[in-house]
Each structure stands twice: as structure tokens, then as C-alpha cells.
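A structural walkthrough
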Amino acid sequence: MPDCNDCPLYNPAHLERLGVDMSDADYVVALAGNPNVGKSTVFNALTGLRQHTGNWPGKTVARAEGGFTYDGRSYKLVDLPGTYSLLSTSRDEEIARDFLLFGRPDVTIIVVDASRLERNLNLALQVLEITDRAVICLNLMDEATRRGLRVDDRRLARDLGVPVVATAARQGRGLDELIQAVDEIATGRVVGRPHRVQPSSEVGRAVDTLAAQIRAALPELPNARWVALRLLDGDERIAAALRSGELGQLAARQQAPEGAV
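Residues numbered from 1 in each chain as written. Predicted model: local features only at pLDDT ≥ 70, side-chain atom pairs only at ≥ 80, totals over all residues. Heavy atoms only, no water.

**Notes on the packing of aromatic side chains**
Across all of its chains, the model carries 3 aromatic pairs by this definition. Ring geometry for Tyr27 and Tyr75: centres 5.2 Å apart, planes at 20°, overall stacked. One end of the pair, Tyr27, is in strand β1 (residues 27-33); the other, Tyr75, is in strand β4 (residues 73-79), and 48 residues separate them in sequence. Take Tyr27 and Tyr75: they sit in the same class, and that class is buried. With a centroid separation of 5.1 Å and 10° between ring planes, the pair formed by Phe68 and Tyr75 is classed as stacked. As far as the burial class goes, Phe68 and Tyr75 line up, both buried. One aromatic cluster is present, formed by Tyr27, Phe68 and Tyr75 through successive ring pairs. Sitting over the ring of Trp56, Arg63 keeps its end group 5.1 Å from the ring centre. (Phe/Tyr/Trp six-rings, centres within 6.5 Å; stacked < 30°, edge-to-face > 60°. Helix = DSSP H or I, 4+ residues; strand = E, 2+ residues; numbered from the N terminus. Buried < 20%, exposed > 50% of the residue type's maximum accessible area, 1.4 Å probe, protein only. Lys NZ or Arg CZ within 6 Å of the ring centre and 35° of its normal.)

**Side note on the nonpolar core**
The biggest cluster of nonpolar side chains holds 51 residues, and the ones touching the most others in it are Leu80, Leu86, Phe99, Ile110, Ile136 and Leu138. For Ile110, the residues in contact, after removing those within four places along its chain, are Ala32, Ala124, Val127, Leu128, Ala134, Val135, Ile136 and Cys137. Within the second largest apolar cluster, 25 residues are counted, among which are Tyr27, Phe68, Val165 and Ile185. (Core = buried A, V, L, I, M, F, W, Y, C linked by side-chain atoms within 4.5 Å. Contact = heavy atoms within 4.5 Å.)

**Some thoughts on the side chain of Asn120**
Locating Asn120 in the fold gives a position in helix α4 (residues 117-130). One polar contact links Asn120 to Asn34, side chain to side chain, over a distance of 3.1 Å. Beyond its immediate sequence surroundings of up to four residues, Asn120 is in contact with Asn34, Val37, Val112 and Asp113. (Polar contact = N/O pair within 3.5 Å; in protein donor to acceptor, adjacent residues only side chain to side chain.)

**Section: the environment of Asn44**
As for its placement among the helices and strands, Asn44 is situated in helix α2 (residues 39-47). Classification of Asn44 as partly exposed rests on a relative accessible area of 41%. On a C-alpha basis, the gap between Asn44 and Ala169 in space is 9.2 Å, while along the polypeptide they are 125 residues apart.

**Focus on the pairing of β4**
With 7 of 7 residues buried, β4 is to be regarded as a mostly interior element. Burial of β4 is two-sided: the residues Arg73, Tyr75, Leu77 and Asp79 facing one way and the residues Ser74, Lys76 and Val78 facing the other way are all buried. Here 5 bridges tie β1 to β4, and the two strands are oriented parallel to one another. Bridge assignment links Val29 to a residue of β4, and that residue is Leu77. Two strands pair when backbone bridges link them, and strand β3 (residues 62-70) and β4 are joined in this way by 7 bridges, in the antiparallel orientation. In the sheet register, Glu65 faces β4, and the bridge partner there is Val78. Adjacent in sequence and paired antiparallel, β3 and β4 are bridged by 2 residues, among which Asp71 carries a positive phi angle near 50°. (Pairing = 2+ DSSP bridges.)

**Overview of the sheet that holds β3**
Read across the open sheet, the 7 strands follow the order β2-β3-β4-β1-β5-β6-β7; overall the sheet is mixed. The open sheet terminates on both sides in strands that have one partner only, identified here as β2 (51-55) and β7 (164-166). The sheet shows a mean angle of 25° between the axes of neighbouring strands, taken without regard to direction. Note that strand β5 (residues 107-113) and strand β6 (residues 134-139) share 6 bridges and pair parallel. Within β6, the residue paired with Thr108 across the bridge is Ala134. Relative to the sheet, α2 contacts β1, β2, β3, β4, β5 and β6, its axis offset from that of β3 by approximately 40°. (Axes fitted to C-alpha atoms, helices over the stretch in contact; angles between N-to-C directions.)

**Some remarks on the pattern of salt bridges**
Across all of its chains, the model carries 14 salt bridges by this definition. The partner of Asp24 in a salt bridge is Lys76, with the nearest N and O atoms 3.3 Å apart. Of this pair, Asp24 sits in the loop between α1 (12-17) and β1 while Lys76 sits in strand β4, placing them 52 residues apart in sequence. With relative accessibility at 53%, the residue Asp24 sits in the exposed group. (Salt bridge = Lys/Arg side-chain N within 4 Å of Asp/Glu carboxyl O.)

**Regarding unusual backbone geometry**
Although it is not a glycine, Asn36 sits at a positive phi angle of roughly 65°. Its place among the elements puts Asn36 in the loop between β1 and α2. Here the phi dihedral of Leu140 falls at roughly 60°; this positive angle occurs in a residue that is not glycine. Mapped onto the fold, Leu140 is located in the loop between β6 and α5 (141-146). The exposure class of Leu140 is buried, given its relative accessible area of 13%.

Written out as C-alpha cells, the structure is:
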């Protein structure tokens, strides 16, 4: 593995339990996005023929994996199910959430539709609550231009606090810049600092208090703040998973040494 003090090195055992073999790659990259934003086109453009498909472990949901190289480093790209949120109300959302939360990819590419940006930012902001190691792929710029829309990718990058790369994947535009941005995040040359939604002071104190209690009860949970936010927002799926012990069991399985039951 590359020596990088700034990037959290993934745990191969975590990813193996999620069905990802990292024996042939240096970094793992998740590809997230709403349905119909050109995510599959981006995946195919980045991986070419270096891809294969299967199902997620224990699920009937299809999964695609591929690879690419850049500057001597090899990347495994995992295409997550297309979802509108990470609220775990469907199997697809649960898979995407668990991969981001427990798989802890080195980089997450969030594909958004430049012509329908407002609708797509809901998922992007949820992903940025979980990880700061992200790149926004501002895809379908050709469609936005055709509709007479102008999207300021530099201002969007400043507002979100992570790199934003404008692409038109069907024409192959912006893909080299996208790969470079992924590499810069993975190797720690660029550090994302997402501008997360800040609750009011009263709610913020409640988030901090609840997150501390969650960390004390479940120290193996990767992102207690995100869980606290979901609980305060009334997410019944997360609350039920916490009450039943499912969330703790899932986190413990991801922390268990390889080969442990």
C-alpha cells in the first residue's frame, strides 16, 4: 500500500466482507449518484474493458467493479446502486450507505446531473456527511448547455468544500481531469473540507451529546455524528437498527479480524 499519512488506509477485511477483493489495487473508489445521471457512462468510460459484474454478498442487487491506473497507481472502482438518498428505506440505499460507512473507500465520486443540480445535491450532501474524501463529477454538462444553463463549477467547489469536475462522459470530456482529481484526494495531495450543514446551536449541542453517547456505546462505529443526525431527524430505519443491535453487529463484523466469525 502507498505510504500516505493523510489518507485513511482502507481495511481489506472490511472490503472483503462487502465483496471487494483489493489484492490487485492500491486504492478503492466508490461511484455514487442518483439514477439517470450518467453514472454507468462514467463507470464505463473510466474502466473500459477492465470490469466485471456480479451481486452484492447476500443480495440480489447487481454490482459492477472495474479498474483504472494513473501515474503508476491502480484503482478499483465500485459502482454503487443508484439512489436518491442514504436513508436506508430500500435495499439499494442500504447497500450504498453500508459501503460508504463501513467500507470507507479512499475516494467517493459523486455523479450529479448538471442540468438538474438542485435535485441531485440532496444525495451529495448526505455523502459528504459521511466522508470528506469525495469528488463531485458534474456530469451531463452538454445537456445543461443545450438547455441554456450555466453552472459555475469553481463556485460549486468552494461552496461544497470538495473538488468539482465538469464532465460530459458520453463525449469523453473531463474524464482525464476527473481521474486526476481522484488521485489527488486518494494520495492526500488535496484534502477535502466539506461545508456541512450546520444545525442551530441548540440542535448542534444535541448532535454533539448524542454522538458522544453513540461513540461510548459503539466505539467501532465509523461515523457517530452521521448516526446522531439521522436519529435526530427521525430516521426510523437507523433507530430500529440501533435498538435491535443490528447497527452494532454490522460495525463489529467490519472490525473483526479476517477469518473471525
